[in-house]
Amino acid sequence: MINHGKNIKIFTGNSNPKLAADIAEILGLKVGESEVGTFSDGEISVNIHETVRGADVFVVQSTNAPVNDNLMQLLIMIDAFKRASAGRITAVIPYYGYARQDRKAKARDPITAKLVADILTTAGADRVLTMDLHAAQIQGYFNIPVDNLMGTPILAKYYIQKGFKDRDDVVVVAPDLGSVARSRKFADKLHASIAIIDKRRPKANVAEIMNVIGDIKGKTCIMMDDMIDTAGTITNGANALVKLGAKDVYACCSHGVLSGPAIQRINDSVIKELIILNTIDVPEDKQCNKFVTLSVAPILAEAIKRIYEDVSVSKLFEEDSNL
């Protein structure tokens, strides 16, 4: 149980209430009493049923599908807490949506990651706690503190417990060039080599496999990415690895967005097992017998505890974290 000078309160929107409940349970707390619904025309309605004056408030809300509804819920809840004189408001966003447009890739592109950062700050957030941002530079889009936790230690711990660290046939495969740094850190924890898939993306959500850099013949491959959306990248990559001689292909990611044909593609692919973190609540109709879900509640609870107690959060960024 946390015992500090001011009250700590955990609230949740509708995107991932189970994760919020798990975090609160670890901290010895109860989720705050609130109600998030809609008016008859679809507008978001928020009611806070307990006092938050002077409290350290943490709002747990991923901005996954329905993205706009979940984002508006978060913004309106932050505004409600600010107007109710909360002492400090931390937006706990396990999955930060609108992050894929983080720069102008071509003329007249928006930068939605920056836009959402501005809106969150304007709404009244004093701090953001998130996990595995699609691009690390998004932290710099905020003018408030941002703690970006890593899912790599959680995923690596699973494979280490399964004995992959003791094998000499394991190769970690980056599904694209943007995932190389993340995959290299993951490979270091497993004492594994690394390979890279060089792909070309002719248009959004369509990936064409071009080449594989590295030795994967006869190897057990683990593909790692920050998110899996339509699963085109991960399944096309897995199929290409097997065609080029890989023995088995496993996959893992922090965020299981799983939109459109993702489930069918994963079921039809050569992937033996897909590990995802519960930053996004995957509904029953999107479950798959290849999925293994790991919880981020312990690391988020520890981060919340450290923020509340005004002690360093940096230990949780270390790749050797045991959480």
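Please read these numbers as outputs of a predicted model, since none were measured by experiment.

> Please give an account of the packing of helix 4 (residues 152–161) against helix 5 (residues 180–190) that cites residues and values.
It is the contact of helix 4 with helix 5, at a shortest axis distance of 10 Å, that shows an interaxial angle of 35 degrees. Of the two possible hands of crossing, helix 4 and helix 5 adopt the one that is right-handed. Each of Thr152, Pro153, Leu155, Ala156, Tyr159 and Ile160 in helix 4 lies in contact with helix 5, whose residues at this interface are Arg182, Phe186, Lys189 and Leu190. The residue inventory of the contact of helix 4 with helix 5, partitioned by class, reads seven nonpolar, one polar and two charged.

> Requested: an account of the domain arrangement of the protein chain, with residues and values cited.
Its domain assignment divides the protein chain into domain 1 (7–149) and domain 2 (152–295). For domain 1 versus domain 2, the distance between C-alpha centres works out to 28 Å. For the domain 1 and domain 2 pair, buried surface summed over both sides reaches about 1,200 Å², with 50% attributable to carbon and sulfur atoms. Of all residues in domain 1, Tyr95, Arg100 and Asp132 give up the largest surface area on contact with domain 2, accounting jointly for 44% of the area buried on that side. Applying the counting criterion to the domain 1 and domain 2 interface returns one salt bridge. Ionic pairing is found between Asp229 and Arg100, a salt bridge with its closest N-O pair at 2.6 Å. On inspection of domain 1 and its partner domain 2, the count reaches eight residue pairs in polar contact (both at pLDDT 80 or more).

> Which residues make up unusual backbone geometry, and what values do they have?
Residue Pro66 follows Ala65 across a cis peptide bond; omega there is -5 degrees. Residue position: Pro66 is located in the loop between strand 4 (56–60) and helix 2 (67–83). The backbone of His191 shows a phi angle near 55 degrees, a positive value even though the residue is not glycine. Mapped onto the elements, His191 comes out in the loop between helix 5 and strand 9 (193–203).

The rules behind each value
- Residues numbered from 1 in each chain as written.
- Predicted model: local features only at pLDDT ≥ 70, side-chain atom pairs only at ≥ 80, totals over all residues.
- Heavy atoms only, no water.
- Axes fitted to C-alpha atoms, helices over the stretch in contact; angles between N-to-C directions.
- Helix = DSSP H or I, 4+ residues; strand = E, 2+ residues; numbered from the N terminus.
- Left-handed = near helix turned anticlockwise from the far one by under 90°.
- Contact = heavy atoms within 4.5 Å.
- Nonpolar A, V, L, I, M, F, W, Y, C, P; charged D, E, K, R; others polar.
- Domains from an automatic or database assignment.
- Buried area = accessible area lost by both parts, 1.4 Å probe.
- Salt bridge = Lys/Arg side-chain N within 4 Å of Asp/Glu carboxyl O.
- Polar contact = N/O pair within 3.5 Å; in protein donor to acceptor, adjacent residues only side chain to side chain.

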